[in-house]
Amino acid sequence: MVMFQAMALRDDQSESLKEQEHNKGVKHLCEMGIIKVPKKYILPTLERPDNSITTELHDVTNLKLPVIDFAELHGPNHEQVITSLAHACQHYGFFQVINHGISSDVLSEMIDVARRFFELPLKEREKYMSTDVHSLVRYGTSFNQMKDGVLCWRDFLKLVCTTEAHSQWPSSPSDFREMGVGYARETQMLFQSLMEAILESLGLEEKNTHNKTPKTNQESGNDNREENYDIIKKDIGDGSQLMVVNCYPPCPEPELTFGMPPHSDYGFLTLLLQDEVEGLQILHKDHWVTIKPHPQSFVVNIGDHLEILSNGRYKSVMHRVLANSKKSRISVASLHSLAFTAVIRPWPMLINDENPKRYKDTDFADFVQYITTCDSKHKNFLESRKLTHIYT
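Residues numbered from 1 in each chain as written. Predicted model: local features only at pLDDT ≥ 70, side-chain atom pairs only at ≥ 80, totals over all residues. Heavy atoms only, no water.

> Just checking my understanding: could you explain the overall build of the protein chain for this structure?
Secondary structure summary: the protein chain contains 12 helices and 12 strands in total. Residue pairs at least 24 apart in sequence account for 78% of intrachain contacts in the protein chain once pairs closer than 6 positions are excluded. (Helix = DSSP H or I, 4+ residues; strand = E, 2+ residues; numbered from the N terminus. Contact = heavy atoms within 4.5 Å.)

> In this structure, what is going on with the pairing of strand β5 (residues 240–248)? I would like to understand it.
A large share of β5 lies buried, amounting to 9 of its 9 residues. Because side chains alternate across β5, one face comprises the buried residues Ser240, Leu242, Val244, Asn246 and Tyr248, and the other comprises Gln241, Met243, Val245 and Cys247, equally buried. Alignment of β5 against strand β12 (residues 329–337), held across 9 bridges, turns out to be antiparallel. Bridge pairing in β12 places serine 240 opposite serine 337. (Buried < 20%, exposed > 50% of the residue type's maximum accessible area, 1.4 Å probe, protein only. Pairing = 2+ DSSP bridges.)

> What am I meant to see in the pattern of salt bridges here?
Oppositely charged side chains are able to pair whenever their charged atoms sit close together. In the structure shown here, the tally under the stated rule is 15 salt bridges. For arginine 385, the salt bridge is made with aspartate 366, and the minimal N-O distance between the two is 3.7 Å. Taken together, the residues arginine 385 in the segment after α12 (364–373) and aspartate 366 in helix α12 connect sequence positions 19 residues apart. Note on aspartate 366: relative accessible area 28%, which makes it partly exposed. Between lysine 386 and glutamate 383 there is a salt bridge, and its shortest N-O distance comes to 3.0 Å. Judged by its relative accessible area of 45%, glutamate 383 is partly exposed. (Salt bridge = Lys/Arg side-chain N within 4 Å of Asp/Glu carboxyl O.)

> Explain the sheet that holds strand β2 (residues 94–98) to me, please; I cannot follow it from the model alone.
Across a sheet, strands are paired by hydrogen bonds formed along the backbone, either parallel or antiparallel in direction. Reading across from one edge, β1-β2-β10-β7-β12-β5-β4-β3 is the order of the 8 strands in this open sheet, with mixed pairing throughout. Two strands lie at the open edges of the sheet, namely β1 (67–69) and β3 (137–141), each paired on one side alone. Strand after strand, the sheet turns through a mean of 25° between neighbouring axes, direction not considered. Direction of pairing for strand β4 (residues 155–160) relative to β5: antiparallel, over a ladder of 6 bridges. Among the inter-strand pairings, leucine 157 is bridged to a residue of β5, identified as valine 245. (Axes fitted to C-alpha atoms, helices over the stretch in contact; angles between N-to-C directions.)

> Help me out: how do you make sense of the sheet that holds strand β11 (residues 319–322) in this one?
If you trace the 4 strands from one edge of the open sheet to the other, you get β6-β11-β8-β9, paired in antiparallel fashion. In the strand order of this sheet, the two ends are held by β6 (258–263) and β9 (287–290), each with one partner. The sheet shows a mean angle of 25° between the axes of neighbouring strands, direction not considered. By the bridge criterion, 3 bridges tie β6 to β11 in an arrangement that is antiparallel. Each residue of the ladder has a partner; that of histidine 263, found in β11, is histidine 319.

> Hey, could you run me through the packing of aromatic side chains in this one?
Aromatic ring pairs: the centre-centre distance and the angle between the two ring planes describe each pair. Applying the stated criterion to the full structure yields 7 aromatic pairs. Ring geometry for phenylalanine 117 against tyrosine 128: centres 6.4 Å apart, planes inclined by 55°, an arrangement best described as tilted. With a gap of 11 residues between them, phenylalanine 117 in helix α4 (residues 104–118) and tyrosine 128 in the loop between α5 (122–125) and β3 connect regions that are remote in the sequence. Each member of the pair, phenylalanine 117 as well as tyrosine 128, carries the same accessibility label: buried. Summarising the aromatic geometry, the rings of phenylalanine 117 and tyrosine 139 are spaced 5.9 Å apart at their centres and angled 75° between planes, so their arrangement reads as edge-to-face. With phenylalanine 117 in helix α4 and tyrosine 139 in strand β3, this pair connects stretches of sequence that are 22 residues apart. In textbook terms, an aromatic cluster arises when at least three aromatic residues are bridged by ring pairs, as seen for Phe117, Phe118, Tyr128, Tyr139 and Phe176. Over the ring of phenylalanine 156 we find lysine 158; its NZ or CZ atom is 5.1 Å from the centre of that ring. (Phe/Tyr/Trp six-rings, centres within 6.5 Å; stacked < 30°, edge-to-face > 60°. Lys NZ or Arg CZ within 6 Å of the ring centre and 35° of its normal.)

> Is there a simple way to think about the environment of leucine 199 in this case?
Positionally, leucine 199 belongs in helix α7 (residues 176–201). The buried category is assigned to leucine 199, whose relative accessible area is 0%. In this structure the C-alpha to C-alpha distance between leucine 199 and leucine 309, which are 110 residues apart in sequence, comes to 10.0 Å. The residues touching leucine 199, leaving out its near neighbours within four places in the chain, are Leu204, Glu205, Tyr229, Ile232, Ile236 and Leu309.

> What is the right way to look at the packing of helix α3 (residues 78–91) against α7 in this model?
Between two packed helices, what matters for the description is the angle formed by their axes and the separation of those axes. Where α3 contacts α7, the two axes come as close as 9 Å, and the packing angle between them is 85°. The angle between α3 and α7 places the two elements in the roughly perpendicular class. Two secondary-structure elements touch here, α3 through His78, Glu79, Ile82, Leu85, Ala86 and Cys89 and α7 through Ala197, Ile198, Glu200 and Ser201. (Parallel < 35°, antiparallel > 145°, perpendicular 65-115°, else oblique.)

> Any chance you could explain the packing of α4 against α7 here in plain terms?
Here α4 crosses α7 at 135°, and the two axes come no closer than 10 Å. The pairing of α4 with α7 is recorded here as oblique in orientation. The crossing of α4 and α7 is left-handed. Two secondary-structure elements touch here, α4 through Val106, Leu107, Glu109, Met110, Val113 and Phe117 and α7 through Phe176, Met179, Gly180, Tyr183 and Glu186. Here the residues of the contact of α4 with α7 are counted per class, giving 8 nonpolar, 1 polar and 2 charged. (Left-handed = near helix turned anticlockwise from the far one by under 90°. Nonpolar A, V, L, I, M, F, W, Y, C, P; charged D, E, K, R; others polar.)

> Looking at this model, I keep getting lost on α7. Mind explaining?
Helical geometry note: an α-helix holds 3.6 residues per turn, so side chains three or four residues apart project in the same direction. For α7, built from 26 residues, the straight-helix expectation of 38 Å at 1.5 Å per residue is met to within 8% by its first-to-last C-alpha distance of 37 Å. Just beyond α7, the residue with positive phi is glycine 203, at close to 80°. (Expected span 1.5 Å × (residues − 1).)

> Teacher, can you tell me more about the pairing of β4 here?
Two faces, one strand: in a regular strand the side chains alternate between the faces of the sheet. The buried fraction of β4 is high, at 5 of 6 residues. Taken together, the 5 bridges between β3 and β4 define a ladder with antiparallel strand orientation. Note that in β4 the partner of glycine 140 across the bridge is phenylalanine 156.

What follows is the structure, encoded as structure tokens:
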């Protein structure tokens with residue numbers, strides 16, 4: 001009897017040790033020399049990449065995203081670019097931006113310093129480990145490691161991009177903070193310019209210029225914040241930015257797990273910088289398709305907040321990341337929205353009898369509540385914000 005109790009105790013201790021190792025991230029597991037994917041990362045058979053919806057081999061092909069030449073926005077082809085931008089937002093939810101004005105040195109240096117961060121010894125990386133989703137700097141693993149039933153093959157460093165937070169960003173590598181802050185400022189300016197073009201593509205600037213019918217007192221009372229183009233531009237300029245530096249180490253059995261599970265992004269726009277390693281897939285016309293990295297470009301996707309603002313005209317699309325067995329993949333996602341305290345609602349001028357209000361008002365607190373309570377299989381925050389009466 002004593003022998004069996006001792007064996008059970010050792011098993012419990014072994015499981016506890018495994019859990020501690022998992023919480024240190026997949027980069028740590030790789031450094032330990034694992035040759036098989038731990039059980040905690042193995043998806044049920046029907047949820048694995050090759051068995052999930054519409055992922056037969058002939059379906060998973062490279063998709064050429066719409067390309068937006070940012071420089072053309074300021075030239076004679078402005079209207080054509082705005083039309084192309086509207087088409088991309090409405091029918092793809094993703095597009096690539098070239099000639100964006102951020103130097104190739106800034107992009108390559110950001111990828112390089114991100115890679116060097118993840119190459120630091122664990123004792124350096126784990127200084128920033130936290131399960132607090134409100135932390136200004138957070139090193140973690142998976143999607144939501146405290147909630148995910150099955151972990152995914154990804155480590156990350158999340159950085160809130162404010163002047164107050166910059167001083168808490170990693171000081172190692174020695175140039176990380178300088179490179180990261182400079183990159184964040186450049187992407188914030190690019191985001192603001194892209195949003196101006198997107199608002200124009202929605203026709204909101206023109207409508208605000210020509211439709212200046214004063215509100216009645218009752219209408220003004222129902223909307224405690226004046227919805228006009230200048231206000232939303234200011235809100236965007238004063239908005240929030242969250243930078244997520246991702247590392248997807250080589251996985252010994254990539255067919256058993258995801259780098260990131262299917263999900264949508266919460267904000268207005270996400271600007272993704274990635275190295276040359278493929279991995280990103282988007283759900284397009286009910287098919288998972290691979291996005292081939294394009295040097296010196298950004299992959300930009302519509303977030304949940306922009307779909308809400310556009311009252312459903314522009315689409316926040318589900319996407320995922322595949323693991324691979326050959327090479328580590330580095331990406332830097334810059335997520336942009338309004339201030340964390342701001343309320344996001346469908347733009348009143350995009351609501352009418354033919355297109356009634358489709359989404360509840362929402363804010364960042366709603367998103368945090370969602371990700372800390374949702375089950376690990378469904379990561380589509382937008383579905384929780386839809387007004388059900390529209391679809392009945």
